[in-house]
Amino acid sequence: MKLINQCKLQFKSLAENVAFARVTVAAFASQLDYTLNELEEIKVAVSEAVTNAVVHGYENDSQHFIEITVSLTEKGMEIKVEDRGKGIEDVDRALEPAYSTDPERMGLGFVFMKSFMDDFRVESEKGQGTKVVMFKKVNSSNTETEH
């Protein structure tokens, strides 16, 4: 897989930075041939991943940083959203629809990320942080799953 372009963003764990992250990643993604609908799906997935890092990973403590790495290839785009927060105790349970550790939240963030991306995984260790890795094919009608 040939790397076409790559960027890394690092920003404070502030709710205000969710919009910054979503727009920045979508602007970078526009170098590939995504439809407007696909760009909107990318924005939602990034928003959900960053919001999870702010709200759950760092529990709204703005003294920490979130890092996003976006890699563009001929097959599509990989997005990694990482925090070094509290981590997820049970990733399988966290991936269940409507599960949330916060009763004020609907627990659909991972559901949206998974449904809008062609590949999705969560790596987390309690006390060590969480990494969400998502891949969006450049042509959603393409049935090839390798990237």
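Coordinates for the structure precede this section.
What counts, and at which threshold
- Numbers given to residues run from 1 along each chain, matching the order in which its sequence is written.
- Local features in a predicted model are, by the rule used here, given only for residues with pLDDT of at least 70; side-chain atom pairs are given and counted only at 80 or more, and totals for whole chains, interfaces and linings are based on all residues.
- Computation of side-chain values covers all heavy atoms of the structure but excludes hydrogens and water.
- The helix and strand labels rest on DSSP assignments: H or I over at least four residues marks a helix, E over at least two residues marks a strand, and numbering proceeds from the N terminus.
- Between buried and exposed lies partly exposed: a residue is buried under 20% and exposed over 50% of the maximum accessible area for its type, with that area taken using a 1.4 Å probe on protein chains only.
- Only the protein chains shown count as covering a residue, and every accessible area follows the Shrake-Rupley method with a 1.4 Å probe.
- Lines fitted to the C-alpha atoms define the axes, with helices restricted to the stretch that makes contact. Angles between their N-to-C directions range from 0 to 180 degrees.
- By definition, turning the near helix anticlockwise from the far helix through less than a right angle yields a left-handed crossing, and turning it clockwise yields a right-handed one.
- We call two residues in contact whenever any of their non-hydrogen atoms come within 4.5 Å of each other.
- Throughout, the ten residues Ala, Val, Leu, Ile, Met, Phe, Trp, Tyr, Cys and Pro are labelled nonpolar, Asp, Glu, Lys and Arg are labelled charged, and all others, Gly among them, are labelled polar.
- As used in this structure description, the phrase polar contact means that two N or O atoms lie within 3.5 Å; if the pair is within protein, one of them must be able to donate a hydrogen and the other to accept it, and residues adjacent in sequence are counted only when both atoms belong to side chains.

Caption draft 1: Expanded view of the overall build of the chain. When you go through the chain residue by residue, the secondary structure sums to four helices and five strands. When burial is assessed residue by residue, the chain has 44% of its 147 residues classed as buried. When the accessible surface of the chain is totalled, it reaches about 8,100 Å², and 47% of it is carbon and sulfur.

Caption draft 2: A look at the packing of helix 1 (residues 17-29) against helix 2 (residues 36-57). For the pair helix 1 and helix 2, interaxial distance at closest approach is 8 Å and the crossing angle is 145°. The way helix 1 lies across helix 2 gives a crossing that is right-handed. For the pair helix 1 and helix 2, the contacting residues are V18, A21, R22, V25, A26 and A29 in the first and L39, E40, I42, K43, V44, V46, S47, V50 and T51 in the second. Of the residues belonging to the contact of helix 1 with helix 2, the class tally is ten nonpolar, two polar and three charged.

Caption draft 3: How the structure looks around the environment of D118. Within the secondary structure layout, D118 lies in the loop between helix 4 (109-116) and strand 4 (119-125). Its relative accessible area of 38% is what places D118 among the partly exposed residues. In this structure the C-alpha to C-alpha distance between D118 and K136, which are 18 residues apart in sequence, comes to 5.2 Å. In this view, D118 contacts F135, K136 and K137; residues no more than four positions away in its chain are not counted. Polar side-chain contacts of D118 include one of 2.7 Å to the backbone nitrogen of K137.

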